[in-house]
Amino acid sequence: MSEIKIETGRTVLRLIELSDLEVIHNLQSLPETDEFYALGIPNNIAETKSKIVPWIE
């Protein structure tokens, strides 16, 4: 698949990559994020990985 990327002066939108795992896990682990994230706070990084791998493939 070709790279999909949208950039503005302050924002970059792109497909997620496995290298984003730690950042995604940290974001989803915030209690403030849980209010807007229907899947709940992940218990560990492996749980986060199992949720994002299907999005990457």
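Structural data are supplied above this passage.
Residues numbered from 1 in each chain as written. Predicted model: local features only at pLDDT ≥ 70, side-chain atom pairs only at ≥ 80, totals over all residues. Heavy atoms only, no water.

**Student:** Tell me about the packing of helix 1 (residues 21-28) against helix 3 (residues 45-56), residues and numbers included.
**Tutor:** In the contact formed by helix 1 and helix 3, the axes pass within 9 Å of each other and the chain directions differ by 110°. The angle between the axes of helix 1 and helix 3 places the two elements in the roughly perpendicular class. Contacts between helix 1 and helix 3 involve Leu-21, Glu-22, Ile-24, His-25 and Gln-28 on the former and, on the latter, Ile-45, Thr-48, Lys-49 and Ile-52. Considered class by class, the residues forming the contact of helix 1 with helix 3 number 4 nonpolar, 3 polar and 2 charged. (Axes fitted to C-alpha atoms, helices over the stretch in contact; angles between N-to-C directions. Helix = DSSP H or I, 4+ residues; strand = E, 2+ residues; numbered from the N terminus. Parallel < 35°, antiparallel > 145°, perpendicular 65-115°, else oblique. Contact = heavy atoms within 4.5 Å. Nonpolar A, V, L, I, M, F, W, Y, C, P; charged D, E, K, R; others polar.)

**Student:** Which residues make up helix 3, and what values go with them?
**Tutor:** Taking 1.5 Å as the rise per residue, helix 3 with 12 residues should run 16 Å; its terminal C-alpha atoms sit 16 Å apart, in good agreement. Residues of helix 3 that are buried: Thr-48, Lys-51 and Ile-52. All buried residues of helix 3 fall inside an arc of 85° around its axis, so they share one side. Residues of helix 3 that are buried make contact with helix 1. Near the N-terminus of helix 3, the side chain that reaches the backbone nitrogen of Ala-46, with its oxygen 3.1 Å away, is that of Asn-44. (Expected span 1.5 Å × (residues − 1). Buried < 20%, exposed > 50% of the residue type's maximum accessible area, 1.4 Å probe, protein only. Arc of directions from axis to C-beta. Polar contact = N/O pair within 3.5 Å; in protein donor to acceptor, adjacent residues only side chain to side chain.)

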